[in-house]
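Analysis of the macromolecular model
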4 protein chains.
Amino acid sequence: MHLGMIGLGRMGANMSRRLLKAGHQVVAHDRSPEAAQALVTDGATVALTLADLARQLPTPRAVWIMVPAQVVDATIDALAPHLAAGDLIIDGGNSHFQEDPKRAARLAASGIDYVDVGTSGGVWGLERGYCLMIGGSADAVARLDPIFRALAPDVGAAPRQSTAGEPAGAELGYLHCGASGAGHFVKMVHNAIEYGLMAAYAEGFNVMKHAPGYEFNLPAISELWRRGSVVGSWLLDLTAAALHQDPHLQAFAGQVGDSGEGRWTAHTAIDAAVPVPVLAAALFSRFSSRGEEEFANRLLSAMRNQFGGHVEAK
Amino acid sequence: MHLGMIGLGRMGANMSRRLLKAGHQVVAHDRSPEAAQALVTDGATVALTLADLARQLPTPRAVWIMVPAQVVDATIDALAPHLAAGDLIIDGGNSHFQEDPKRAARLAASGIDYVDVGTSGGVWGLERGYCLMIGGSADAVARLDPIFRALAPDVGAAPRQSTAGEPAGAELGYLHCGASGAGHFVKMVHNAIEYGLMAAYAEGFNVMKHAPGYEFNLPAISELWRRGSVVGSWLLDLTAAALHQDPHLQAFAGQVGDSGEGRWTAHTAIDAAVPVPVLAAALFSRFSSRGEEEFANRLLSAMRNQFGGHVEAK
Amino acid sequence: MHLGMIGLGRMGANMSRRLLKAGHQVVAHDRSPEAAQALVTDGATVALTLADLARQLPTPRAVWIMVPAQVVDATIDALAPHLAAGDLIIDGGNSHFQEDPKRAARLAASGIDYVDVGTSGGVWGLERGYCLMIGGSADAVARLDPIFRALAPDVGAAPRQSTAGEPAGAELGYLHCGASGAGHFVKMVHNAIEYGLMAAYAEGFNVMKHAPGYEFNLPAISELWRRGSVVGSWLLDLTAAALHQDPHLQAFAGQVGDSGEGRWTAHTAIDAAVPVPVLAAALFSRFSSRGEEEFANRLLSAMRNQFGGHVEAK
Amino acid sequence: MHLGMIGLGRMGANMSRRLLKAGHQVVAHDRSPEAAQALVTDGATVALTLADLARQLPTPRAVWIMVPAQVVDATIDALAPHLAAGDLIIDGGNSHFQEDPKRAARLAASGIDYVDVGTSGGVWGLERGYCLMIGGSADAVARLDPIFRALAPDVGAAPRQSTAGEPAGAELGYLHCGASGAGHFVKMVHNAIEYGLMAAYAEGFNVMKHAPGYEFNLPAISELWRRGSVVGSWLLDLTAAALHQDPHLQAFAGQVGDSGEGRWTAHTAIDAAVPVPVLAAALFSRFSSRGEEEFANRLLSAMRNQFGGHVEAK
């Protein structure tokens, strides 16, 4: 089918390529005309403006927005006037799930459908396929099925629970998770889990790094655990690749960024009184890695000096 | 080659079967003669006593001990008198790494080699192969290479970093990690990471379970994430299997056990001043799941009553 | 001076009494006329309606609202029509700090001043005085100085940093912390710290409760630490009182409530990327004490069963 | 009574002074003769050697050792040969509680009693008195009662639970907590609680330091909370003093030391399966303040780079 794609960064460009390979028609737009032009050899059509993009798509149109969370609303507002009743907008980025019902209601006033999609896969998605967590009305989601199927990995990406019956549902690598916002909610939790998993590995490797009396070969151990162990995972595969390339991780200073979902999951958990000690600890470690705990530490040293006369070690 | 196997529980029995399938000769012993007898159809020879086991093995002998950590020393002490200089004992269970150098020294006095192996793979190891983390002298470890190779998964269990050259080292699913204790050290950290990974998933699914306004299909979501997502892992595969079989997990009460390595990793990290907030939080959640925080909670309620007159909700 | 007091629960009633003792005139109102009537013997005047309350106060009026956070806005909306330009409303309850600037702006349209006050002291405030954290315009705060001074403890409640000069500022037990919302912000953090302090004691006593080989007299130890130790505090005084009255805390089940500020502090910290591992852990322990982690625990047991065949202990 | 005091650092010297003021006779010894000499004006007698110290004390002797934990055993071994059956050694430092029964048994062979005392009070103890947590046999502890009473604060240091009866037991600021090791056990937990309390304040002040839209006067707020609030404590008094002297804590870099008890409490809790999320988080924050999490953070950055192409911010 035809799909408009707005936002051709790492994610949007590769998703377009995967759709084109699967035989879909992509009308591609980006703030930077060069980014759109780069997709022409893959078979995309370039739209220099949003009006142009709307013109080039057959109705009812479907337009996928793949831009940073903070400019999604502005993009929707700029795009909607060029669309018509029956058209459909997908936000495939990392919006907060509470934004989705608001957007859906706003667009519904013009008869435009809105679908939220949490997209996992990173720079590997082009090759591996993207795991898609989808929220919105059943009708709108059903209409996009060919797109989702093309973007998602094949069922073969993991062994099936049972080989009886045709692969269906979540096995296909995409899932209609619920009403508007459900897709971004599930993606939000997904990323918080990701932070937790990453921290578990990082702390464990750090323990081995400081093992008293042993000098462990960390690249080899990360490679070892990829086969047959309980802790095997895709993140471990990536850890092994990183340690293979740079055994002492000298390319990194350890200032760890975070992109919103970890915080939102903590917020959501706290509002629902759900304890998330591991997920929150993983988040706080990232804040600390950026020096945000400094004043607290200085206050601790000051207290120790007050009651015990302790002088800070340098 | 020939291998004596002492301890034929879930792990020892399946490891024996995997070795037998690979063409090795296993002389099997267990406190329960039935357990040994059960392996005869797989090709094992039964030894009813340790003396018998020693008699049936060609010298230099190699004997793998696969028993609960708390009886390893007693088993070694009972076995050693039946062995001779040049023989070799492997402890493949979950001993504390600090026990290993002591055992190695004790056995060295009789000329017996000692190798510690951390074994991961659980009930799936028979089919998937066992990930083996090995500590001990290079000579002793080298001598056991055929055994390790047979127990470990094939290199094909995960994509290689580079297809250049023959598969070697950690790619084969087993690794000589260092001197005596190194195998159990790496396995200890492995299990602590396992606890952290498990807790990250568990907390995330709990957030979805309590999501305000959504009724998520958790079995489907666990299945979804297995393909193409950043959080894919073997533990997620098992989570999906568990939720597939019992969507509301009604078979479980939530009293979560722990088997030592999580605690030892925390001890080791604390002694080395390595922060492990995520690994420790995962451990403490298990303690709490068993009610161990109760008095602390009652004290909190008592304090709230004192300063604010708060009456505890029931 | 004259003060209207709306809300005569534990806090509002005792604050009225403390003001009356200090020679102020209090016009008291509560949904329950009996609550107001109960203050007559202390010297208060009863107002049966908000209109009545406004009528009985000389202009410019000052009215202190001491009601649950969720009904503050409704109370303000009901009260404001009875007030005039130049009057002043104080919210002394536990509102979220972000509500304050909105209320201040809303009331400013009618020329009414708004001051937010975080009030600590609990059921002991009548006797000890209340610690007051104040936000709002300098003029409005200054006008209430006699009220604040009467409610706050005397400077003698703690040794001065220096005896030079007259007691002033924060030494008097009340402080203008900043613009609108500043009072509730500081009170919010205050309560989060309170959770953290409480949890530190509770965990420590729980360790002693489970000490292997010792049977500690916890009431005696709590009493002991009140004199000369580094961990002496008012919360410890209360802990000692609680353990003195009920050494095994049999009156409590350990379902620990939380009242908003701990969550808001976590939210605020996360939004500002400030790590608060201790404050968040204290909060999560309260959630867990109420069983909110149950599904997570069942999932952990299910995973253990999957990979290791572990059967849950009962 | 007469007491030998070995170790005249900050703690030992001030404790000697407090004893001398109370009319006791102190025979003082330190590796540095100058340290002992400095106490002469306070009334102490100097012992240049341990033999000299033993000679100057009437039998049965009582000798208090106040030296770093790692040299206590060496000190005991050097001292014991100069003592006789019926004499008594007190370790008032921060030994691990498991050392105490071993020492007691060793000394019992020579008829020497051994008492372990956890001593809290820091540099303020001279003036405020020392809170003493005591372990050992009832007879030995009883014999030292005059010493304990002189070192401890007066009952007046905190309000009594009830004014009926003479002050007794823990009210006096010292307590026989149980058999050998009980004193150091209680002191160990005491210090872990101290870490937790300190971290709660430090995190809370850090939240205020980073409050969006407010510029809080942290010295004033710390002063404010000292009177009438729920979070008042001696550690808060010290925090206020520190912020009064150095409002931006410029004298400190935030490398926070730890002295053993926090670690031991975590070890003990873990061994007893007692969850201590707050106490452990406080400990880990100290490790992180010293850069011990660096490799973990670099690994996190490396993973983010692998799956998302994220480049680390500087």
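Anyway, here's the lowdown on the structure attached to this text. Note that this is a predicted model, so its numbers are computed, not measured.

Attention now goes to the packing of helix α9 (residues 182-209) of chain A against helix α11 (residues 234-245) of chain A. All names here are of chain A. Contact geometry of α9 with α11 gives a least axis separation of 11 Å together with a crossing angle of 45 degrees. Between α9 and α11, the crossing angle belongs to the class labelled oblique. At the point where α9 passes α11, the crossing takes the right-handed sense. The residues of α11 that touch α9, namely those facing Glu194, Leu197, Met198, Tyr201 and Phe205, are Leu235, Leu236, Thr239 and Leu243. Residues of the contact of α9 with α11, tallied by class, amount to 7 nonpolar, 1 polar and 1 charged.

Below, the discussion takes up the interface of chain A and chain C. Each side of the interface is counted separately: chain A has 21 residues, and chain C has 21 residues. Summed over both partners, the interface of chain A with chain C buries about 1,700 Å², with 75% contributed by carbon and sulfur atoms. When the buried area of chain A at its contact with chain C is split by residue, A:Ile270, A:Pro275 and A:Phe284 rank highest and sum to 37% of it. Where chain A meets chain C, there are 0 salt bridges. At the boundary of chain A with chain C, the tally comes to 6 residue pairs in polar contact (both at pLDDT 80 or more).

All names here are of chain C. With respect to topology, 8 strands assemble into an open sheet ordered β3-β2-β1-β4-β5-β6-β7-β8, the strand pairing being mixed. The two strands at the open ends of the sheet, each matched to only one other strand, are β3 (45-46) and β8 (174-178). Lying over the sheet, helix α1 (residues 10-21) contacts β1 (2-6), β2 (25-29), β4 (62-65) and β6 (113-120), oriented at roughly 165 degrees with respect to β1. In this fold helix α5 (residues 99-108) packs onto β5 (88-91) and β6, with an angle of close to 150 degrees to the strand it touches most, β6.

We now examine the interface of chain B and chain A. By convention, interface size is frequently given as the accessible area that disappears when the constituent parts associate. Residue-level contacts link 78 residues of chain B with 78 residues of chain A. Broken down residue by residue, the surface that chain B buries against chain A is led by B:Gln161, B:Arg227 and B:Val230, which jointly contribute 13%. Joining chain B to chain A, the criterion identifies 0 salt bridges. Between the two partners, chain B and chain A, sit 26 residue pairs in polar contact (both at pLDDT 80 or more). Going through the elements one at a time, β7 (131-135), β8 (174-178), α9 (182-209), α10 (218-224), α11 (234-245), α12 (261-271) and α13 (277-289) of chain B are the ones with two or more residues in the side of chain B that touches chain A.

To continue, consider the relation of the copies chain B and chain A. Aligned on chain A, chain B shows an RMSD of 0.0 Å; the corresponding rotation is 180 degrees and the shift along the axis is 0.0 Å. Taken together, the turn and the small shift mark the pair as related by a two-fold rotation axis. Closest to the rotation axis within chain B is the C-alpha of B:Ser233, separated from it by 1.8 Å. When the interface residues of chain B are mapped onto chain A, 100% of them again fall at the interface, so both copies present the same face.

Among the secondary structure elements, D:Glu194 is positioned in helix α9 (residues 182-209). Buried and without a salt bridge, D:Glu194 has D:Arg286 as its closest oppositely charged side chain, separated by 5.3 Å. Those residues within four positions of D:Glu194 in sequence are excluded, and the remaining contacts are A:Phe307, C:Val230, C:Val231 and D:Leu235.

Cis geometry is adopted by the peptide bond preceding B:Pro60, which originates at B:Thr59 and carries an omega value of -10 degrees. Along the chain, B:Pro60 turns up in the loop between α3 (50-56) and β4 (62-65). Even without being a glycine, A:Leu249 presents a positive backbone phi close to 55 degrees. By the secondary structure assignment, A:Leu249 is in the loop between α11 and α12 (261-271). On the basis of relative accessible area, A:Leu249 is assigned to the buried category, the value being 0%.

Moving on: the packing of aromatic side chains. Inspection of the entire model under this criterion finds 40 aromatic pairs over all chains. Ring geometry for A:Tyr214 versus B:Phe97: centroids 6.2 Å apart, planes at 70 degrees, classification edge-to-face. Here B:Phe97 lies in the loop between β5 (88-91) and α5 (99-108) and A:Tyr214 lies in the loop between α9 and α10 (218-224), a pairing that spans two chains. B:Phe97 shares its class with A:Tyr214; the two are buried. Measuring from ring centre to ring centre gives 5.6 Å for C:Tyr214 and D:Phe185, while their planes differ by 55 degrees; the resulting arrangement is tilted.

Residue and element names in this part refer to chain B. A full pass over the atoms with the stated rule returns 0 disulfides over all chains. Distance from the sulfur of Cys131, which forms no disulfide, to the nearest cysteine sulfur (Cys177) is 8.5 Å. Owing to a relative accessible area of 0%, Cys131 belongs among the buried residues under this scheme.

Moving on, we get to the pairing of β1(C). All names here are of chain C. Most of β1 is tucked away, with 4 of its 5 residues classed as buried. Bridge count for β1 against β2 is 5 bridges, and the pairing is parallel. Residue pairing in the sheet places Ile6 in a bridge with His29 of β2. Each parallel crossover has a hand, and for β1 linked through α1 to β2 it is right-handed. Sheet topology places β1 next to β4; 3 bridges connect them, and they run parallel. Opposite Ile6, over in β4, you have Ile65 as the bridge partner.

Moving on, we get to helix α14 (residues 294-308) of chain D. All names here are of chain D. For α14, spanning 15 residues, the distance from its first C-alpha to its last is 21 Å, which sits close to the expected 21 Å at 1.5 Å a residue. Most of α14 sits out of view: 13 of its 15 residues are buried. Gly309 sits one or two residues past α14 and shows a positive phi near 70 degrees.

What follows deals with the pattern of salt bridges. Residue and element names in this part refer to chain A. The tally for this structure, following the rule as stated, stands at 64 salt bridges over all chains. Between Arg298 and Glu294 there is a salt bridge, with the nearest N and O atoms lying 3.3 Å from each other. One end of the pair, Arg298, and the other, Glu294, are both in helix α14 (residues 294-308), 4 residues apart, so they sit about a helical turn from each other. Look at Arg298 and you get buried, because its relative accessible area is 12%. For Glu294, a relative accessible area of 39% gives the class partly exposed. Sharing partners across several salt bridges, the network here consists of Asp73, Asp77, Asp91, Asp100, Arg103 and Arg106.

Here is what the cut-offs are and how they apply
Starting afresh in each chain, residues are numbered from 1 along the sequence in its written order. Chain labels run from A onward and ligand labels from 1 onward, assigned in the order the entries are written. Local features are withheld for residues below a pLDDT of 70 in this predicted model, meaning they are given only at 70 or higher, and side-chain atom pairs are given and counted only at 80 or more; totals for whole chains, interfaces and linings count all residues. Just so you know, side-chain values use all the structure's heavy atoms and leave hydrogens and water out. Every angle, taken between N-to-C directions, lies between 0 and 180 degrees, and every axis is a line fitted to C-alpha atoms, over only the stretch in contact when it is a helix. Every helix listed is a DSSP run of H or I at least four residues long, and every strand listed is a run of E at least two residues long, numbered separately from the N terminus. Angles below 35 degrees are treated as roughly parallel, those above 145 as roughly antiparallel, those between 65 and 115 as roughly perpendicular, and all remaining angles as oblique. By definition, any crossing whose near helix is turned counterclockwise from its far helix by less than a right angle is left-handed, and any crossing with a clockwise turn is right-handed. The contact definition used throughout considers only heavy atoms, calling two residues in contact when any of these lie within 4.5 Å. In the scheme used here, Gly and all other residues not listed as nonpolar or charged are polar, with Ala, Val, Leu, Ile, Met, Phe, Trp, Tyr, Cys and Pro taken as nonpolar and Asp, Glu, Lys and Arg as charged. Two parts placed together each lose some accessible area; with a 1.4 Å probe, that loss summed over both constitutes the buried area. Salt bridges are counted wherever a side-chain nitrogen of Lys or Arg sits within 4 Å of a carboxyl oxygen of Asp or Glu. Pairs of N or O atoms are called polar contacts if they sit within 3.5 Å, as long as, within protein, a hydrogen donor faces a hydrogen acceptor (for residues adjacent in sequence, only side-chain-to-side-chain pairs). Pairing between two strands requires that DSSP report at least two bridges joining them. The atoms used to superpose the copies are C-alpha atoms, taken from residues with pLDDT of at least 70 in both, and the fit is least squares. Burial classes: relative accessible area under 20% of the type maximum marks a residue as buried, over 50% as exposed, and values in between as partly exposed (1.4 Å probe, protein chains only). His is not counted, nor are the chain ends; Lys and Arg add positive charge and Asp and Glu add negative charge. Think of it this way: a Phe, Tyr or Trp ring, Trp meaning its six-membered ring, pairs with another when their centres are within 6.5 Å, and the plane angle makes it stacked under 30 degrees, edge-to-face over 60, tilted otherwise. The term disulfide is used for any two cysteine sulfur atoms that are within 2.5 Å. When the strands point away from the viewer and the connection leading from the first strand across the helix to the second strand turns clockwise, the crossover is called right-handed. To estimate how far a helix should reach, multiply one less than its number of residues by 1.5 Å.

Remember that the coordinates give geometry; whether it matters functionally is a separate question.
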